[in-house]
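A closer look at the structure
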Amino acid sequence: MSDAWTAVRGRPTRFLASAWPWRSLAYVGSTVPVGVAWLILLLVVLGVGVATIVVVAGLFVLAGVPRLARRAASGERRRLRLMFPERPANRPGRVSGPEIGVMVLLATVFWPVDAIALVMLSAPIVLLCAPVLVRHDVVDVAGWRVDHTGEAWAAAAAGLGALVLLAYAVTALACAQAALVRHLLEESKARLAEAVQQLRRSRSGLVDAFETERRRIERDLHDGVQQRLVALTMTLGSAELDLADGPGLDLVREAHHQAEQALADLRTTIRGIHPQVLTDHGLAAAVHEIAGRSPVPVHLRLALDGRLPSAVEAAAYFFVSENLTNVVRHAQARSAQVQARIEDHALIVSVVDDGIGGADPQAGTGLAGLHARIDALDGELDISSPTGGPTQVRMTCPIR
Amino acid sequence: MPDPLTPPPKALRIIVAEDAALLREGLVRILERAGHEVVAAVPDAQALLTYTGNCRPDLVVTDIRMPPTHTDEGLRAAATIRATHPGIAIMLLSAYVADAYVGELLGSAPGGGIGYLLKDRVGHVRDFLDSVDRVAAGGTVVDGEVVRQLVGLRHADGPLAGLTEREREVLALMAEGHTNHAIAGKMFVSEAAVRKHIGNIFAKLPLDPHSDRRVSAVLTYLRGSPGA
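Rules and cut-offs
- Residues numbered from 1 in each chain as written.
- Chains lettered and ligands numbered in written order.
- Predicted model: local features only at pLDDT ≥ 70, side-chain atom pairs only at ≥ 80, totals over all residues.
- Heavy atoms only, no water.
- UniProt positions renumbered as here; feature names shortened; annotations may be inferred.
- Helix = DSSP H or I, 4+ residues; strand = E, 2+ residues; numbered from the N terminus.
- Buried < 20%, exposed > 50% of the residue type's maximum accessible area, 1.4 Å probe, protein only.
- Contact = heavy atoms within 4.5 Å.
- Areas by Shrake-Rupley, 256 points an atom, 1.4 Å probe, with all protein chains shown as cover.
- Core = buried A, V, L, I, M, F, W, Y, C linked by side-chain atoms within 4.5 Å.
- Arc of directions from axis to C-beta.
- Pairing = 2+ DSSP bridges.
- Axes fitted to C-alpha atoms, helices over the stretch in contact; angles between N-to-C directions.
- Phe/Tyr/Trp six-rings, centres within 6.5 Å; stacked < 30°, edge-to-face > 60°.
- Lys NZ or Arg CZ within 6 Å of the ring centre and 35° of its normal.
- Parallel < 35°, antiparallel > 145°, perpendicular 65-115°, else oblique.
- Left-handed = near helix turned anticlockwise from the far one by under 90°.
- Nonpolar A, V, L, I, M, F, W, Y, C, P; charged D, E, K, R; others polar.

An unreviewed UniProt entry lists chain B under the name DNA-binding response regulator, with Paractinoplanes durhamensis given as the organism.

Looking at an unreviewed UniProt entry, chain A carries the name histidine kinase, with the source organism given as Paractinoplanes durhamensis. Per UniProt, chain A carries the Catalytic activity (unreviewed entry) text "ATP + protein L-histidine = ADP + protein N-phospho-L-histidine."

Here it is, written out as structure tokens:
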């Protein structure tokens, strides 16, 4: 029972035994009171609004019409579930013209049409009941006088036939009406999709801007503070050569050591922001550098040619860096393997170790941050770490 | 050209290329202090090539990352110098370890000495000057940090897989430019033991029989990177 219109065109016995005639009846039937209610509400609001417009209050009242339209539309969305039970009602966005249209149609066209359909439905029901009714009185349906039992049974048979026809008619009416309402209201769905597109664009723009900014900070640190610190160590190193043994030399040595510590700290910081080797030489060189620093031996299989978008390179770099750190800290692994390749316009990077497994993807802020980073690039992060190992972490990131 | 009244025994004519003014001045000061003559101090690779062509120095000390692209201008300039003036020794300075550099560096044609140091090392003035002398004398000096990182990558495959831990250690120290005597001192073993290790290394590595086996072994070692 995917939808009513398919059922109407299917086998009659199946259609008549299905819930569709009843659902359609409920839809058409409920349209009448709902439509009448909206008509009255609309008339009252418009009447009051127009009447009080001279004292300005009317403007406020009339300004409420779009809100009414929104209410009407959300009610219609709910009622649409009668006809489209498998399709969830989408969430309304801003009040749109079509929503007002639905309210107006509901208040002026739908309910009178549906009311006529319901009145017509009463005729076959009366005919169907003719054998019972005829015992008490003459039955008169649309000019057909039924006054004895034999004729009453014929009337009942005709009523049954008409009922079947009307079941089709009502379902078709409900289908048409629901399709129209859905068509009007789903305009806002298209708008929603557009909004999502725009959000996605602005998000990736934001990620790019973020990455550019990080590179700028890296360059500033490199060209500024780092150079000064290196120059400082050079000066101190020269001073050491000039000084004779004694407390003065000890102090200069101490200062030299401190300057080197500061330099090492700065280097670590820069690496965490956006490593120079990544900026200059791309992902493969940067991964080589991380692997070279790792205390656990790392096997590399990198099939990467040329440069990738910098946000993707950065995400992949931090993915490898974070996971190799985890391998060292938690996995008790003897070795790890990093693979990277491009497949179907996507970068796929994986880090596998031969450790004890049991890594918890929820634990630690590192992985969560990584997840957000990759997510923002429409990428995916998969972790498989059964107890006993091996731990396998994989990221896939589209390259646009 | 001013005539130094008391020229040091190994006074070298040097060109310094470094874009950061502070470091350039610092390098010049250190080198001149040691009695070398800095014939030019330039801020970019183009100027380096021009001055090298004109002045024919003994040694070029250059930063790898220089304008305009801040990637590997210095390295490319070094390769050009190596091709046009193979006798000029080259000392490269880098802010960080990049594997690719080592491959490119050693891929260049044979010639004068070559060195690759991290900039931090310059602060250890005595060691730095020692490295400068070794490179000027035709030696190969690769920063200990670079060597350590490469060793980490080299365990798995390549021609070095057959070496023992001890042999690899000896080879790493050779790559840093140390003599057998210095290696023996650093490893707390006798010089004879070092020679035995080196003999084993030579036997195990596929070395070019026509070149200096020691240099060839170091090159094999440094080139053994899967990425380089």
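**A closer look at the overall build of chain A**
Along the backbone of chain A there are 13 helices and seven strands. For chain A, the proportion of its 400 residues judged to be buried stands at 40%. Taking the intrachain contacts of chain A between residues at least 6 apart in sequence as the baseline, contacts between residues at least 24 apart amount to 70%. Accessible area of chain A: about 21,000 Å², with a carbon and sulfur share of 62%.

**A few points about the UniProt feature "modified residue: 4-aspartylphosphate" (unreviewed entry) in chain B**
Residue and element names in this part refer to chain B. Summarizing the sequence annotation, UniProt attributes the feature "modified residue: 4-aspartylphosphate" (unreviewed entry) to Asp 63 in the numbering used throughout. Counting through the fold element by element, Asp 63 comes out in strand E3 (residues 59-63). Not counting chain neighbours up to four residues away, the residues in contact with Asp 63 comprise Ala 17, Glu 18, Asp 19, Gly 74, Leu 93 and Lys 119.

**Here's the deal with the UniProt feature "transmembrane region" (unreviewed entry) in chain A**
The sites that carry the UniProt feature "transmembrane region" (unreviewed entry) are, in the present numbering, residues 36-69, 100-133 and 153-181 of chain A. Structurally, residues 153-181 of chain A is divided into 100% helix and 0% strand, and its ends, taken at the C-alpha atoms, are 41 Å apart.

**Some points on the nonpolar core**
Inside soluble globular proteins, nonpolar side chains tend to come together where they are buried. Grouped together as the largest cluster of nonpolar side chains are 44 residues, with contacts concentrated most on Leu 283 and Phe 319 of chain A. Secondary structure elements with two or more residues in this core: helix H11 (276-293), strand E3 (298-303), helix H12 (310-331), strand E4 (336-343), strand E5 (346-353), helix H13 (365-376) and strand E7 (392-398) of chain A. The element that contributes the greatest number of residues to this core is H12 of chain A, accounting for 12 residues. If sequence neighbours within four positions are ignored, Phe 319 of chain A has contacts with Val 349, Ser 350, Val 351, Leu 370, Ile 374, Leu 381, Val 393, Arg 394 and Met 395 of chain A. Listed in part, the 42 residues of the second largest apolar core include Ala 45, Leu 48, Ile 64 and Ala 172 of chain B.

**Points about helix H2 (residues 45-55) of chain B**
Structural remark: α-helix, 3.6 residues per turn; residues separated by three or four positions point the same way. Residues and elements named next belong to chain B. Ala 45, Ala 47, Leu 48 and Thr 52 are the residues of H2 that are buried. Across the axial projection of H2, the buried residues extend over an arc of 150 degrees, all falling on one side. Seen from the buried face of H2, the exposed residues on the opposite side, beyond 90 degrees, are Gln 46 and Asn 54. Structurally, H2 contributes buried residues whose contacts are with strand E1 (13-17), strand E2 (37-42), E3 and helix H3 (73-84). Taken from the residues just after H2, Arg 56 is the one with a positive phi, measuring 45 degrees.

**Side note on the sheet that holds E3 of chain A**
Residue and element names in this part refer to chain A. An order of E3-E4-E5-E7-E6 is seen for the five strands of this open sheet, with the pairing classed as mixed. Among the strands making up the open sheet, the edge pair consists of E3 and strand E6 (380-384). When strand polarity is set aside, the average angle formed by the axes of neighbouring strands in this sheet is 10 degrees. The strands touched by H11 within the sheet are E3, E4 and E5, with E3 carrying the most contacts at an inclination of about 175 degrees. Relative to the sheet, H12 contacts E3, E4, E5, E6 and E7, its axis offset from that of E5 by approximately 10 degrees.

**Considerations on the sheet that holds strand E5 (residues 114-118) of chain B**
Residues and elements named next belong to chain B. The parallel open sheet is built from six strands, whose spatial order is E2-E1-E3-E4-E5-E6. Looking at which strands have only one partner, the edges of the open sheet turn out to be E2 and strand E6 (140-142). Taken pair by pair, the neighbouring strands of this sheet meet at an average axis angle of 15 degrees, ignoring direction. H2 rests against E1, E2 and E3 of the sheet, and its axis sits at about 170 degrees to E1.

**Let's talk about the packing of aromatic side chains**
The geometry of two aromatic rings is summed up by the distance between their centres and the angle between their planes. Residues and elements named next belong to chain A. This structure, assessed with the given rule, holds two aromatic pairs over all chains. Between Phe 15 and Tyr 168, the aromatic rings sit 4.5 Å apart at their centres with planes inclined by 40 degrees, giving tilted as the arrangement. Highlighted residues: Phe 15 in helix H2 (residues 12-17) and Tyr 168 in helix H8 (residues 149-185), separated in sequence by 153 residues. For Phe 15, a relative accessible area of 1% corresponds to the buried category. By relative accessible area, which is 22% here, Tyr 168 ends up partly exposed. Lying across the ring of Trp 20, Arg 23 places its NZ or CZ 5.7 Å from the centre.

**Remarks on the packing of H2 of chain B against H3 of chain B**
Residue and element names in this part refer to chain B. The interhelical angle for the contact between H2 and H3, taken along N-to-C directions, is 20 degrees, at an axis separation of 9 Å. Taken as axis vectors, H2 and H3 run roughly parallel relative to one another. As H2 runs across H3, the sense of the crossing is right-handed. Where H2 abuts H3, its residues Ala 45, Leu 48, Leu 49 and Thr 52 lie against Glu 73, Ala 77, Thr 80 and Ile 81. Split by residue class, the contact of H2 with H3 holds five nonpolar, two polar and one charged.

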